[in-house]
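# Tertiary structure, described
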Amino acid sequence: MNYTLRQLKVFATVASQGSFSLAGQIIGLSQSAVSHSIKQLESEIGVKLLDRTTREVLLTHAGQRLASRLTVQLEELNSTLLELRRYGGQRSGTVRLAASQTISARLMPLCLAEARECYPEIRLLLQDSVQQSVLQSVRNATVDFGIVIDPRGEEFDSQPVLSDPFLLLCRDDDPLNQIPVVGWHHLQGRRMVLQDYASGSRILVDRIFQQQQISPEIVQQVGHPVTLYPMVEAGIGISILPGLALPLPAGSRLRVRRIMPEVCRTLMLIRRKNRSLSPAAEAIWALVCEQAEKLNGERPLLPDS
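Residues numbered from 1 in each chain as written. Predicted model: local features only at pLDDT ≥ 70, side-chain atom pairs only at ≥ 80, totals over all residues. Heavy atoms only, no water.

### Considerations on helix H6 (residues 131–139)
In an α-helix, one turn spans 3.6 residues; hence positions three or four apart end up facing the same way. Along H6, the positions that sit buried rather than exposed are Gln 131, Val 134, Leu 135, Ser 137 and Val 138. Buried residues of H6, viewed axially, fall in a sector of 160°; they line one side. Considering only its buried residues, H6 is in contact with strand S3 (93–99), strand S4 (122–128), strand S5 (145–149), strand S6 (156–171), helix H7 (200–212) and strand S12 (264–272). Looking at the residues trailing H6, positive phi occurs at Ala 141, about 65°. (Buried < 20%, exposed > 50% of the residue type's maximum accessible area, 1.4 Å probe, protein only. Helix = DSSP H or I, 4+ residues; strand = E, 2+ residues; numbered from the N terminus. Arc of directions from axis to C-beta. Contact = heavy atoms within 4.5 Å.)

Set out below in structure tokens:
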């Protein structure tokens, strides 16, 4: 049957008021439009619902049966829709967010603090892990969304939020710290300490080396970006560092330099494709975007800026 919700509401109003004209005033329709709606409904279900006279409108037996059940069902439907409207404006509950390590160390503390201030009814839980684990958590829906580095393919719905430059990390006595402009070609043949392939940045760094046609000597590969600092300071090798890993440890002999041409990694929010977020998660998604934009404008100046 091809009846409409509007037709059912018109009938229910006529049944309760016992009048086409009163029902039309309540609904906002003309008396003729109300009559036409009732006729369409009767035609569709194949039974007469109302007996009309010049003085009154009476329910038929079928009309009485429909009206007695319809009133309750329309009230339940209206209550459900009101609950959904309240849910749509809700900014409470638990939001789970996964981020890789350098992102967690720099961006996420800002987001957690801002979320507590702006959305005290939202409990924001952070999963700090390597990129592959973040991607898997989003796939498995154990988190609402994640922040990763330049994921390839069309597996996720994504939004770029921050462009993060790759920098040279060396000691203060390294020859590269003395030259005016460091280029990628200066890394040719140098001993290097890099993050391993659990990091989303490592594939990008390898790609840069290939594009720049250089072949550094990779002497160590580490899991956590913080481990790069003591390795480089101990003279084991130089390294490539994302800008979000700054600032450097206080009192160290470490220095960072821009490498020209500048190459950046793109930080992206990702969620399962074609899946909607809860209102609370949508609010946190927008908050992360805002904090990333602020962070982008507050980058510390490097010596060769």
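### Some thoughts on the environment of Thr 13
Inspection of the secondary structure assignment puts Thr 13 in helix H1 (residues 5–17). For Thr 13, a relative accessible area of 15% translates into the label buried. With residues up to four places along the chain from it excluded, the contact list for Thr 13 reads Ala 23, Ile 26 and Ile 27.

### Remarks on the environment of Pro 225
Mapped onto the fold, Pro 225 is located in the loop between strand S9 (217–222) and helix H8 (228–233). According to the relative accessible area criterion, Pro 225 is buried, its value standing at 6%. In this structure, the C-alpha to C-alpha distance between Pro 225 and Ala 245, residues 20 residues apart in sequence, is 7.5 Å. Those residues in contact with Pro 225, other than ones at most four positions away along the chain, are Gln 101, Thr 102 and Gln 195.

### Here's the deal with the pairing of strand S10 (residues 239–242)
The two faces of S10 match: Ser 239 and Leu 241 on one face and Ile 240 and Pro 242 on the other face are all buried. As paired elements, S6 and S10 share 4 bridges and run antiparallel to each other. Within S10, the residue paired with Leu 168 across the bridge is Ile 240. (Pairing = 2+ DSSP bridges.)

### Things to note about the environment of Asn 177
By secondary structure assignment, the location of Asn 177 is in the loop between S6 and strand S7 (182–183). The sequence separation of Asn 177 and Arg 255 amounts to 78 residues, and the corresponding C-alpha distance is 7.3 Å. Apart from the residues lying within four places of it in its own chain, the contact partners of Asn 177 are Cys 170, Arg 171, Asp 172, Arg 255 and Arg 257. Within the structure, Asn 177 has its side chain in polar contact with the backbone oxygen of Asp 172 (distance 3.2 Å). (Polar contact = N/O pair within 3.5 Å; in protein donor to acceptor, adjacent residues only side chain to side chain.)

### Points about the nonpolar core
Membership of the largest hydrophobic core comes to 46 residues, with the highest contact counts inside it found for Ile 147, Trp 184, Leu 187, Phe 209 and Ile 240. Beyond its immediate sequence surroundings of up to four residues, Trp 184 is in contact with Phe 166, Ile 208, Phe 209, Gln 212, Ile 214, Ile 240, Ile 259, Met 260, Pro 261 and Val 263. Formed by 16 residues, the second largest nonpolar core is a distinct cluster that contains Val 10, Val 14, Leu 41 and Leu 50. (Core = buried A, V, L, I, M, F, W, Y, C linked by side-chain atoms within 4.5 Å.)

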